[in-house]
There are 2 protein chains.
Amino acid sequence: MRTALVIGTGLMGTSAALALVSRGVEVYLEDHDPSVARTAAALGAGSALPPEGQVDLVVVAVPPAHVAATLADAQRRGLARGYLDVASVKAGPRRDLQALGCDLSRYIGTHPMAGRERSGPLAGTADLFEGRPWVLTPTRETGTEVLNLALELVALCRAVPVVMDADEHDRAVALVSHTPQLVSSMVAARLQHAEDTAVRLCGQGIRDVTRIAGSEPGMWMDILAANPGPVADVLAEVATDLTGAVEALRGLQSADEDKRRTGAAGIEDILLRGNAGRDRVPGKHGTAPKAYEVVAVLIGDQPGELARIFADAGAAGVNIEDVRIEHSTGQQAGRVQLMVEPAAAPGLTSALRDRGWSIRS
Amino acid sequence: MRTALVIGTGLMGTSAALALVSRGVEVYLEDHDPSVARTAAALGAGSALPPEGQVDLVVVAVPPAHVAATLADAQRRGLARGYLDVASVKAGPRRDLQALGCDLSRYIGTHPMAGRERSGPLAGTADLFEGRPWVLTPTRETGTEVLNLALELVALCRAVPVVMDADEHDRAVALVSHTPQLVSSMVAARLQHAEDTAVRLCGQGIRDVTRIAGSEPGMWMDILAANPGPVADVLAEVATDLTGAVEALRGLQSADEDKRRTGAAGIEDILLRGNAGRDRVPGKHGTAPKAYEVVAVLIGDQPGELARIFADAGAAGVNIEDVRIEHSTGQQAGRVQLMVEPAAAPGLTSALRDRGWSIRS
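Quick caveat, the model's predicted, so the values are computed rather than measured. For every chain, the first residue of the written sequence is number 1, and numbering continues from 1 along that sequence. Each chain is given a letter, starting from A, and each ligand a number, starting from 1, according to the order in which they appear as written. Residues qualify for local features only when their pLDDT is at least 70, as the model is predicted, and side-chain atom pairs are given and counted only at 80 or more; totals for whole chains, interfaces and linings, by contrast, use all residues. With hydrogens and water set aside, each side-chain value is computed from the structure's full complement of heavy atoms.

1. Re helix H4 (residues 91-99) of chain B
All names here are of chain B. Threshold: We call a residue buried when its accessible area falls under 20% of the maximum for its residue type, exposed when it is over 50%, and partly exposed in between, using a 1.4 Å probe and counting protein chains only. Secondary structure is summarised from DSSP: a helix means a run of H or I of at least four residues, a strand means a run of E of at least two, and numbering begins at the N terminus for each. Two residues form a contact once any of their heavy atoms are found within 4.5 Å.
Within H4, the full set of buried residues consists of Ala91, Gly92, Pro93, Arg94 and Leu97. Buried residues along H4 sit against helix H3 (67-76), strand E5 (107-112) and helix H6 (166-189). A positive backbone phi angle near 70° is found at Gly101, which sits one or two residues after H4.

Next up, the structure:
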């Protein structure tokens, strides 16, 4: 691909444009707000002027509800050989395109599984998609030319192509992304009017469960409104478990031993199924999460403390697989959990002890 | 306090014993499995022999269901001046103690908000409770002597005492700990039989939401069985939100514009209440979570990479407040997110760039 036009220069569009520019593609930028396109251009994402003649690929990077109209308009203007969108929902936009009479042989729906806490062109980076799954949803109507243009885009962005059916994609993201978002919000919502003393008791568990409840509501409204059916289906399954859990807990309150036994079995079932599901969440390098050994080190809160730990670990030849910093309530000191391969833990522990660190395991 | 007897030498009991020993208290250890008490003794947590004469304080560190019988037995044997337990549920054990005719003037129910992924005496550490909230639940019957012994224990373990009513405590932990645990399990349970391609799309959001779903079911059975009422009450509230969300999403699927508008408002309400609740979760140092700036750095997977980043950050005089390592699907490289005070971000970014790091923001 030599030329591309990116329509919609927010986080996703600008990031794709930056990646293409860095690999030598001539990129043009368009946005319904021309000043946003000029901002992206100023960041080096391409030219905010209209392309002279047809480009190879149009990348539509607008909210799900605007994909079909934007893409139909681009096709009417005959802007490119191939057209794709990068919206996070795939079945709805495709139906709308069909209704608008678009040329579906020149279109493919795609979804790069990448994002950031921030939005807009200023948050864009050329490496946003590196190593991330990028879903492609070709159909029997999809032409080979646009499929290859999409695969080239994914390769230039250094992402990993994953082919899926559009409906299958929407069910998958309902499961692994949209439902967790809403459930996290519902758990967090319970804290809104909670007593201060209760909130003071929050630990790392609820902190992790509610992290994404801090996400931007506007973006999530767009996403959920575009995928209501599949999300409702998964939420209804969670609701069934939830009703079962409430019943099981009421059983555990009962004076009747049979009811208590049934209640205990119901709760255990949920915990065990949770274990089994959690085991399937991929960790680093796209594989199942490994059981790392945790080496916990006490630190002060001065610059350089972490550097010293990591330098000492590096000197011991140990690779830190993951790290978590845990601060204590009302204190300046904290604990650093270093996750390492189990075989490396004893060596790291003694190396850090030798260098004067206070180790917890 | 000069002498203490710890009954139950698992993670909590052994950790308290180690802390007391390190501060010069003479500690005796007892467990229904004598070999477990001997293991704790071998770790330096005290003596596994019975105390000669009365001790100052008995610390009962057994599962919630066994607290009352263990404590009543200790009182019958006249082992101490004061008695407390450290179980994670407080109202039930207290009721049981009353039913067993215990001397409630010499007893106080307590709960240190600390834990680890591992259990048993070998996981015990003297600093487990440092900086953590330690809930005390005195009543009008509680004598001053046992209250002061409990406060001394908390101080010797360097925890932060928090006084609460027993029922209030049980409702608080149902809210901030027990309900998030069950909900995390329910979200994870959806993945048990999911398609491989769907699971491949998991990102950091669902990873965080389901982390505690990997917890040990046995321990959680004990905890939930001891606090069924308050957990059922909070779960029932979540169920109401969940039913509302399913209805709202079905509304968004409707052809009727009014229904779509009502549906959108329902979803927005949940997202906004989630934002408000999340804002209350305390971050480091027991304060509200600060908005840190994220500086994202690309790294390879060799030992020493992290050390170099932290050394370079330390050399720039920047304190890393938190850190997250994000690995990419199917790739060896990863991204390190460094959380710093917003004012420190530009300096850190340019310092790391100067030293050759590839920065994403």
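There's plenty left to go through after this.
2. Let's talk about the relation of the copies chain A and chain B
Operational definition: Superposing copies: least-squares fit, C-alpha atoms only, residues required to have pLDDT of at least 70 in both.
For the pair chain A and chain B, the superposition axis carries a translation of 0.0 Å, the fit reaches an RMSD of 0.1 Å, and the rotation angle comes to 180°. This pairing of chains is accounted for by a two-fold axis. Proximity to the rotation axis, assessed at the C-alpha, singles out A:Val209 in chain A; its C-alpha lies 2.1 Å from the axis. Taken as a fraction of all interface residues of chain A, those also at the interface in chain B reach 100%, which identifies the copy contact as same-surface.

3. With respect to the pairing of strand E3 (residues 55-60) of chain B
Residue and element names in this part refer to chain B. Inclusion rule: Following DSSP output, two strands are said to pair if at least two bridges run between them.
Counting buried positions along E3 gives six out of six residues, so the element sits mostly inside the fold. Two elements, strand E1 (residues 3-7) and E3, share four bridges in a ladder whose sense is parallel. Residue pairing for E3: Leu5 is matched across the bridge by Val58. One ladder, built from five bridges, connects E3 with strand E4 (residues 80-85); its direction is parallel. Its bridge partner lying in E4, Leu57 is registered against Gly82.

4. Section: the interface of chain A and chain B
Accessible area lost during the coming together of the parts is what is often quoted as the interface size. For the record, the criterion: By definition, the buried area sums, over both parts, the 1.4 Å-probe accessible area that each loses when the two are put together. The working definition used for a salt bridge is a side-chain nitrogen of Lys or Arg within 4 Å of a carboxyl oxygen of Asp or Glu. By the criterion applied in these results, polar contacts are pairs of N or O atoms within 3.5 Å in which, for protein atoms, one can donate a hydrogen and the other can accept it, and in which residues neighboring in sequence qualify only through two side-chain atoms. The residue classification treats Ala, Val, Leu, Ile, Met, Phe, Trp, Tyr, Cys and Pro as nonpolar and Asp, Glu, Lys and Arg as charged. All others, Gly included, are polar.
Listed per partner, the contact involves 130 residues of chain A and 130 residues of chain B. For the pair chain A and chain B, the summed buried surface comes to about 11800 Å²; carbon and sulfur atoms form 63% of the total. Where chain A meets chain B, there are 10 salt bridges. Seen at the junction of chain A and chain B, the total is 28 residue pairs in polar contact (both at pLDDT 80 or more). Top contributing element to the side of chain A that touches chain B by residue count: helix H10 (residues 228-252) of chain A, with 18 residues. Grouping the constituent residues of the side of chain A that touches chain B by class yields 64 nonpolar, 34 polar and 32 charged.

5. Description of the packing of aromatic side chains
All names here are of chain A. To be explicit about the condition: The rule is short: rings of Phe, Tyr and Trp, with Trp giving its six-membered ring, pair when the centres are within 6.5 Å, and they are stacked under 30 degrees, edge-to-face over 60, tilted in between.
Summed over the entire model, instances satisfying the criterion amount to two aromatic pairs over all chains. Relative to Trp134, the ring of Phe129 lies with its centre 4.9 Å away and its plane at 50°, an arrangement referred to as tilted. Relative accessible area serves as the criterion here: at 1%, Trp134 is assigned to the buried category.

6. Topic: the packing of H10(A) against helix H10 (residues 228-252) of chain B
For any two helices packed against each other, one specifies the inter-axial angle together with the distance between the axes. What counts, and what does not: Each axis is a line fitted through C-alpha atoms, taken for helices only over the stretch in contact, and angles between the N-to-C directions span 0 to 180 degrees. Put simply, angles under 35 degrees are roughly parallel, angles over 145 are roughly antiparallel, angles from 65 to 115 are roughly perpendicular, and the rest are oblique. Two helices cross in a left-handed way if the nearer one is turned anticlockwise from the farther one by less than a right angle. They cross in a right-handed way if the turn is clockwise.
Where H10(A) meets H10(B), the axes come as close as 9 Å, and the angle between the chain directions of the two elements is 160°. Judged by the inter-axis angle, H10(A) sits roughly antiparallel to H10(B). The chirality of how H10(A) crosses H10(B) is left-handed. In the contact of H10(A) with H10(B), the residues fall into 24 nonpolar, two polar and four charged.

7. Structural notes on the sheet that holds strand E1 (residues 3-7) of chain A
Residues and elements named next belong to chain A. Taken in spatial order, the seven strands make up an open sheet running E2-E1-E3-E4-E5-E6-E7, and their pairing is mixed. On the outer flanks of this sheet lie strand E2 (26-30) and strand E7 (160-163), each paired with one strand and no other. For this sheet the average axis-to-axis angle between neighbouring strands, irrespective of direction, equals 25°. In this fold helix H5 (residues 144-156) packs onto strand E3 (55-60), strand E4 (80-85), strand E5 (107-112), strand E6 (133-137) and E7, with an angle of close to 60° to the strand it touches most, E4.

8. Concerning unusual backbone geometry
All names here are of chain A. Of note, the phi angle at Arg158 is positive, near 55°, even though the residue is not glycine. Topologically, Arg158 is positioned in the loop between H5 and E7. Classification of Arg158 by relative accessible area gives partly exposed; the value is 44%.

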